[in-house]
Amino acid sequence: MFWVLFLVAACLASAFSCARLCLAASAAADQGPVTRDPELGLSLYEAAFLAGGPFRVTDLTLVTMHRARRLLLAHTGWATVVDPEGRDDLERSVIGAIGPGGQARIAAIRSATAAADAVHALADRLAAAGLAVPDATRTGVTASVRAVRGAAALTLTLGAIAFLMPGQDRATQAEIAAWFSLPMVLTLGCLFIARFEVHPHTRWASPDGQRLLGRIDPAGDPLTAVAVRGVSAVDDPALRTALSGRRAA
């Protein structure tokens, strides 16, 4: 009956991790009231963040500057500054990321700009307005999902060890398999539900932010299409190659 200790450990890990995920998902869904008039809509930068996060904002900024001929993006993956005067904080962040040489790799620019203060300020404003999921909440959900996956892996490992322990007959092995299936079903079921119920509301936009995004029609406006759909919506093949060919994970 030594395998019972393994079962207790698997059950405790599964129960704790699933409860943690439920609490994190509840916190993500309850972002409080929206403090902005919904009729005001979203700016392109705000829509980009809610749809795709910091890197989407960076992509939109790069495309905007390229179309305005203030920045040249080559299909080889290099960006060259044409006009060193940024029109807003995000454009100035891009120029600052390129550096005094006036030329840099697009991949490096994207990473530096996505982590810039201007993007963090945009995220904070949206979170304060109840439209974006706060970083701490989003991180909590991600960590909780990983914990449930870890509990599932632990349950499988302990179950296999208990099943293969020497000196057990077929009846005992069948009993072990039946008992260990309980925490395994719990963790896998929790992950399945989280995949469809938690993920859509915990990437970047809160449920209210998702509703505002749903009102945006990207048809006919290339920049709006990039904000909502990402680099795949860029109509220039060379520009799309420059950005999508070196996207961060």
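See the structure printed just above.
Think of each chain on its own: its residues are numbered from 1, step by step along the sequence as written. Side-chain atom pairs in this predicted model are given and counted only at pLDDT of 80 or more, local residue features only at pLDDT of at least 70, and totals for whole chains, interfaces and linings cover all residues. Note that the side-chain values use all heavy atoms of the structure and ignore hydrogens as well as water.

Draft legend 1. Representation of the overall build of the chain in the model. The numbering of helices and of strands both runs from the N terminus, where a helix is a DSSP run of H or I of at least 4 residues and a strand a run of E of at least 2. Along its length, the chain carries twelve helices and three strands. The buried share of the chain, taken over its 249 residues, is 43%. Residues count as neighbours in contact if any of their non-hydrogen atoms are within 4.5 Å of one another. Considering only contacts within the chain whose residues lie at least 6 apart along the sequence, 73% involve residues at least 24 apart. Here the chain has roughly 12,900 Å² of accessible surface; of this, 61% comes from carbon and sulfur atoms. Think of it this way: Lys and Arg go in the positive column, Asp and Glu in the negative one, and His and the chain ends go nowhere. Every charge is mapped to an atom, namely NZ of Lys, CZ of Arg, CG of Asp or CD of Glu. In the chain, 23 positive and 21 negative side-chain charges are present, and the distance between their average locations comes to 6 Å. Relative accessibility decides the category of a residue: with a 1.4 Å probe and only protein chains considered, values under 20% of the type maximum give buried, values over 50% give exposed, and everything between is partly exposed. Per-residue accessibility takes into account occlusion by the displayed protein chains alone, with areas from the Shrake-Rupley method and a 1.4 Å probe.

Draft legend 2. Examining the packing of aromatic side chains more closely. Under the pairing criterion, centres of Phe, Tyr and Trp rings, with the six-membered ring standing for Trp, must be within 6.5 Å; the plane angle then separates stacked pairs below 30 degrees from edge-to-face pairs above 60, leaving the rest tilted. Counting across every chain of the model gives two aromatic pairs. For the pair F2 and F6, a centre-to-centre distance of 5.4 Å together with 75° between the ring planes defines the contact as edge-to-face. When the ring of F49 is compared with that of W204, the centres are 5.6 Å apart and the planes differ by 65°; the resulting orientation is edge-to-face. Taken together, the positions of F49 in helix α2 (residues 44-52) and W204 in the loop between α9 (199-202) and α10 (207-214) put the pair 155 residues apart, joining distant regions of the chain. W204 gets classed as buried once you look at its relative accessible area, which sits at 11%.

Draft legend 3. Spatial organisation of the nonpolar core. F49, L50 and L71 are the most contacted members of the largest nonpolar core, which has 42 residues in total. Setting aside its immediate chain neighbours within four residues, L50 contacts L42, L126, L131, A132, W204, A205, G209 and L213. Residues belong to a common nonpolar core when they are buried Ala, Val, Leu, Ile, Met, Phe, Trp, Tyr or Cys residues joined through side-chain atoms within 4.5 Å. Formed by ten residues, the second largest nonpolar core is a distinct cluster that contains A24, C190, L191 and A194.

Draft legend 4. Representation of a nonpolar patch on the surface. A patch is a set of surface residues, each over 30% in relative accessible area and not in a salt bridge, joined within 9 Å for like charges and within 5 Å for the nonpolar side chains Val, Leu, Ile, Met, Phe, Trp and Tyr. By definition, a salt bridge exists where a carboxyl oxygen of Asp or Glu is found within 4 Å of a side-chain nitrogen of Lys or Arg. On the surface, F192, I193 and F196 cluster together into a nonpolar patch covering about 360 Å² of accessible area. Looking at the element boundaries, I193 is found in helix α8 (residues 170-197).

Draft legend 5. Local environment of unusual backbone geometry. In the Ramachandran plot, R69 falls in the positive-phi region, its phi being about 60° despite a non-glycine side chain. Within the secondary structure, R69 sits in the loop between α3 (54-67) and β1 (71-73). The exposed category is assigned to R69, whose relative accessible area is 55%.

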